[in-house]
Amino acid sequence: MTSEPDAPNRLHTYPEPGVPTPLPDEEERIARMEAAGIPEEYQQWTGPHGTTPLGAKMGLRYLQMGPDKMVATMPVGGNEQNVGLFHGGAHMVLAETLGSIAAILHARVNLGIDNAVVGTELGATHHRSVTEGMVTATCTPINLGRQLTSHEIVMTDDAGRRLSTARMTNMILPKRD
């Protein structure tokens, strides 16, 4: 089953499951980032795909990006588990994507280094369910260090009710020669 080009809340058509996502040319990479709401000043740091293929498939859109605060949305529709609730894994995709990008922006903007950043811990508590609308995730730093970052990512529904709280730790790796 392939994604339909006109599927609501989706940015692009992707290959069958299990087939690696091909790298886009530069024009497509920029179009993906603009469609996802990634500001031009951060586009150089978003990797070869421009946006995460998984986040794009799930309809993730950035509303605010910066090392001190990230905000993004994801539709419930298309991201439900089998009884119609927004999937717990979708919460984690939102949390990990925002926490990872926030750590990268901290390294690049605040520290002025281009070291690789990797996640070392991700955990969440789910507080309430949602079956429709948009989920908004807000990522704020708990601690921004030279080697480790920790972020809290709070997901809310359209009424502003807290759906889940995630915490993510990232390691800023030493520069390799």
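Residues numbered from 1 in each chain as written. Predicted model: local features only at pLDDT ≥ 70, side-chain atom pairs only at ≥ 80, totals over all residues. Heavy atoms only, no water.

Observations regarding the pairing of strand S2 (residues 70-75)
For step 1, the next point in the chain: Among the six residues of S2, six are classified as buried, and the element is accordingly described as predominantly covered.
For step 2, the next point in the chain: Burial of the side chains of S2 extends over both faces: Met70, Ala72 and Met74 are buried on one face and Val71, Thr73 and Pro75 on the other.
For step 3, the next point in the chain: As defined by bridge partners, strand S1 (residues 61-64) adjoins S2 across three bridges and the pair is classed as antiparallel. Paired with Arg61 across the strands is Thr73, a residue of S2.
For step 4, the next point in the chain: With antiparallel pairing between neighbouring strands as the criterion, S1 and S2 make up a hairpin whose turn holds five residues.
For step 5, the next point in the chain: As paired strands, S2 and strand S4 (residues 134-144) are joined by six bridges and run antiparallel to one another. Residue pairing for S4: Met70 is matched across the bridge by Cys139. (Buried < 20%, exposed > 50% of the residue type's maximum accessible area, 1.4 Å probe, protein only. Helix = DSSP H or I, 4+ residues; strand = E, 2+ residues; numbered from the N terminus. Pairing = 2+ DSSP bridges.)

A few points about the environment of Cys139
For step 1, the next point in the chain: Tracing the sequence through the fold places Cys139 in strand S4.
For step 2, the next point in the chain: Separated by 15 residues in the primary sequence, Cys139 and Val154 place their C-alpha atoms 6.5 Å from one another.
For step 3, the next point in the chain: If we skip the residues at most four places from it in the chain, Cys139 touches Asp68, Lys69, Met70, Leu98, Gly99, Ala102, His151, Glu152 and Ile153. (Contact = heavy atoms within 4.5 Å.)

A closer look at the pattern of salt bridges
For step 1, the next point in the chain: Counted under the stated rule, the structure contains four salt bridges.
For step 2, the next point in the chain: We note a salt bridge from Arg29 to Glu26, for which the minimum N-O separation is 3.4 Å. With Arg29 and Glu26 both in helix H1 (residues 26-36), this residue pair falls three residues apart, about one helical turn.
For step 3, the next point in the chain: Note on Arg29: relative accessible area 10%, which makes it buried.
For step 4, the next point in the chain: Asp157 serves as the salt-bridge partner of Arg161, at 2.7 Å between the closest nitrogen and oxygen.
For step 5, the next point in the chain: On the basis of relative accessibility, which here comes to 42%, the residue Arg161 falls in the partly exposed class.
For step 6, the next point in the chain: Taking the relative accessible area as the measure of exposure, Asp157 reaches 5% and is therefore buried. (Salt bridge = Lys/Arg side-chain N within 4 Å of Asp/Glu carboxyl O.)

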